[in-house]
Amino acid sequence: MTKIILITIAGLLLTACSTTVLLEESKTADVAEVLETPIIKKGSDFQNKIGNDEEHFIGNAEAPVTIIVYEDFQWPYCRNFFLGPGRQIKNTLVKEGTVKLIYRHFPFLGPESLMAAHAIECASDQGMFLKYREGLYLSWDKQEGSLYAPAHLSAIAENLDMDTNEFNECNYHQIHINKIKSMYDEAHQLGVNSTPTT
């Protein structure tokens, strides 16, 4: 059985970002070099809480390192992580097959954060989780008014050639709200209190 260690990394965005990494015990030094200064925490049953069929992830499912990204799409530091370190990890470590990135929601800034997380889940129903997530982050500079208004969330779906009727129905009925709340509650149990936490 593979031993897993839970590590929190204090990185460039120290006040708003920490990184949780699951890795094989033998890989500790390599990951520490790549992801900077590790602070080891006890992992308890954390291993059992990841990797089910409901996860949104990229990379090799059997990668020795799993990075879980908790995001609030309204928080600027999450966008900074997406544009910088997140993209770098994806383009290097994920591409090499040494890291699997799992994306989870942590909408702590209120109703609009929850709306954005829900919109991404609705996009996921159409196989567009990553593209919609990217579209949401990249539309920050181009949007006038509320970024999370239903019309804007629908416009992102339309720009991605999604079925907007299905997308809007999904959002209106809040089909995925329990999944998002479950991720949020689990994050609290793991000690997540800010985003982006990865």
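See the structure printed just above.
To keep things clear, this report deals only with the structure shown in the data block. (Residues numbered from 1 in each chain as written. Predicted model: local features only at pLDDT ≥ 70, side-chain atom pairs only at ≥ 80, totals over all residues. Heavy atoms only, no water.)

### Some thoughts on the packing of aromatic side chains
Line of reasoning, step 1. Applying the stated rule across the entire model yields eight aromatic pairs.
Line of reasoning, step 2. Measuring from ring centre to ring centre gives 4.8 Å for Phe82 and Tyr137, while their planes differ by 25°; the resulting arrangement is stacked. Of the two residues, Phe82 is situated in helix 2 (residues 76-83) and Tyr137 in helix 5 (residues 129-138); the sequence distance between them amounts to 55 residues. Taken individually, Phe82 and Tyr137 each receive the classification buried, so the pair is uniform in this respect.
Line of reasoning, step 3. Ring geometry for Tyr103 versus Phe129: centroids 6.1 Å apart, planes at 40°, classification tilted. Residue Tyr103 is found in strand 6 (residues 99-105), and its partner Phe129 is found in helix 5; the two are separated by 26 residues along the sequence. The burial state of Tyr103 is the same as that of Phe129; both residues are buried.
Line of reasoning, step 4. Following the ring pairs from residue to residue traces out a cluster consisting of Trp75, Tyr77, Phe106, Phe108 and Tyr184.
Line of reasoning, step 5. When the ring centre of Phe82 is taken as origin, the NZ or CZ atom of Arg87, which lies over that ring, is 5.2 Å away.
Line of reasoning, step 6. Note that Lys100 overlies the ring of Phe57, its terminal NZ or CZ placed 5.1 Å from the centroid. (Phe/Tyr/Trp six-rings, centres within 6.5 Å; stacked < 30°, edge-to-face > 60°. Helix = DSSP H or I, 4+ residues; strand = E, 2+ residues; numbered from the N terminus. Buried < 20%, exposed > 50% of the residue type's maximum accessible area, 1.4 Å probe, protein only. Lys NZ or Arg CZ within 6 Å of the ring centre and 35° of its normal.)

Interpretation in functional terms is not warranted from these geometric data alone.
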